[in-house]
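Per-entry structural report
The primary structure of each chain is shown beneath.
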Amino acid sequence: MFAKNALSLDGSISNLSSGLAVPNDRTIKISVITGPSTGLTHRLTKAKTSIGQVGGGADIEINDPQVSRLHCVVGLTEDMVRLCDLDSANGTYANGERVQAAELEHLSEFRLGSTWLVVTIVPKHFIDSTSF
């Protein structure tokens with residue numbers, strides 16, 4: 001679904017800064033599917049969105065004591081959604097493995113502490129503005 005060469009895959013946050021842009025043709029959301037903040041959904045409207053503990057100043061705040069104040073960041077380009085750990089204490093997990101960085105696709109699940117999240121990537125022409 002996304003080109004793999006849009007961003008470096010080495011996990012460095014500095015590599016996440018170049019080429020960032022909110023895609024015009026897709027709506028991207030992150031939703032909590034298990035854990036204390038189940039049901040929380042956040043539409044990504046910025047090129048870089050931080051996720052962390054409630055009260056930690058992150059863009060998306062998770063009510064989970066195992067989540068660091070600023071746990072990870074999600075970066076967007078025109079053709080990629082990239083998850084990068086911010087040296088969190090308990091790690092960021094995707095596909096069952098602790099990751100420094102990972103590319104996310106539609107319905108990719110990832111874990112922070114005891115919280116599981118899912119990303120949805122939907123072409124805007126499929127979205128009725130009242131239902132999604």
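Residues numbered from 1 in each chain as written. Predicted model: local features only at pLDDT ≥ 70, side-chain atom pairs only at ≥ 80, totals over all residues. Heavy atoms only, no water.

**Here we look at the overall build of the protein chain**
Secondary structure summary: the protein chain contains one helix and eleven strands in total. Start at the N end of the protein chain and walk to the C end: the helices and strands fall as α-β-β-β-β-β-β-β-β-β-β-β. Within the protein chain, buried positions represent 45% of all 132 residues. Long-range contacts, defined as pairs at least 24 residues apart, comprise 48% of the intrachain contacts of the protein chain with a sequence gap of at least 6. When the accessible surface of the protein chain is summed, it comes to about 6,500 Å², and 49% of that surface belongs to carbon and sulfur atoms. (Helix = DSSP H or I, 4+ residues; strand = E, 2+ residues; numbered from the N terminus. Buried < 20%, exposed > 50% of the residue type's maximum accessible area, 1.4 Å probe, protein only. Contact = heavy atoms within 4.5 Å. Areas by Shrake-Rupley, 256 points an atom, 1.4 Å probe, with all protein chains shown as cover.)

**With respect to the environment of His42**
In this structure, His42 sits in strand S2 (residues 41-43). On a C-alpha basis, the gap between His42 and Ile60 in space is 7.1 Å, while along the polypeptide they are 18 residues apart.

**Some points on the pairing of strand S9 (residues 101-104)**
In summary, the side chains of a regular strand alternate between the two faces of the sheet. Alternating positions in S9 separate into two faces, Ala101 and Glu103 on one and Ala102 and Leu104 on the other, with burial throughout. Here strand S6 (residues 81-85) pairs with S9 via four bridges, running antiparallel. Residue Cys84 lies in a different strand from S9, and its bridge partner there is Ala101. (Pairing = 2+ DSSP bridges.)

**Some thoughts on unusual backbone geometry**
The backbone phi angle of Asp87 is positive, close to 55°, even though this residue is not glycine. With respect to the secondary-structure elements, Asp87 resides in the loop between S6 and strand S7 (92-94). Positive phi is not limited to glycine here, since Leu107 has a value of about 70°. Here Leu107 lies in the loop between S9 and strand S10 (109-112).

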